[in-house]
Every structure is written in C-alpha cells, then in structure tokens.
Amino acid sequence: TLTIAGTASFSASNGAIVLNQANALTGAVSLTNGGGNNVTVVANRALILGSGSIGGNLTATVTGNISQAINTALAVPGTSAFIAINTKSGVRKTFA
C-alpha cells in the first residue's frame, strides 16, 4: 500500500505497472510504460489521472471519483476500464 501526498509518477520502460493495493494517492498520478504492457491502479479514495502513455490496457479501480488533471493527456492504445465504487451506497460504476 502506498500513501503519497501530492503528485506521483510511475514509469516502467518495458514492463507492467501494478499498483493493486488500497493506495492513497492524493495528487495527479502520471503513468508511463511500453511494450504492450498493462497498467493497474487501485486507490482507496478518488483518483486524479495525469499525463502518460500506456503500452497496453488500463484498469483503474477506486473508492470515489476518477478525473483527469487539467491540461494533461493520457494515451492508451488498448482497452480502458474505470471502476468507481461508492462505499456509502455500495454502488459500483464501471466504464469501459
């Protein structure tokens, strides 16, 4: 589990990025990898996506909202799945 106050940047030149614990990421999260590899992000609060380029697929599962930081772009040539879970109501929203 990661707790990062502020922006965070994760890069894997030719590998997957797997952040599959209940991470507390409070600032914009930038993700970059290559080689057709996937990225998985799990957060125990809202997630702000920053700039980046993903080689494969993106899956983001969060408790709260998912948003994009202003003036940033995230390129994903594969599929993207955004799963936002509201713990108060138990509602799960999936956007693919």
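Residues numbered from 1 in each chain as written. Predicted model: local features only at pLDDT ≥ 70, side-chain atom pairs only at ≥ 80, totals over all residues. Heavy atoms only, no water.

Novice: Help me understand the side chain of N23 in this model?
Specialist: Along the chain, N23 turns up in strand β3 (residues 17-25). Within the structure, N23 has its side chain in polar contact with the backbone nitrogen of L2 (distance 2.7 Å). Sequence-distant contacts of N23, defined by excluding residues within four places in its chain, comprise T1, L2, V42, A43 and N44. (Helix = DSSP H or I, 4+ residues; strand = E, 2+ residues; numbered from the N terminus. Polar contact = N/O pair within 3.5 Å; in protein donor to acceptor, adjacent residues only side chain to side chain. Contact = heavy atoms within 4.5 Å.)

Novice: Would you mind going over the environment of V39 with me for this structure?
Specialist: Considering the arrangement of structural elements, one finds V39 in strand β5 (residues 39-43). On the basis of relative accessibility, which here comes to 1%, the residue V39 falls in the buried class. With 37 residues separating them along the chain, V39 and V76 place their C-alpha atoms 9.8 Å apart. Filtering out sequence-adjacent residues up to four positions away, V39 remains in contact with I17, L31, N33, I54, N57, L58 and T59. (Buried < 20%, exposed > 50% of the residue type's maximum accessible area, 1.4 Å probe, protein only.)

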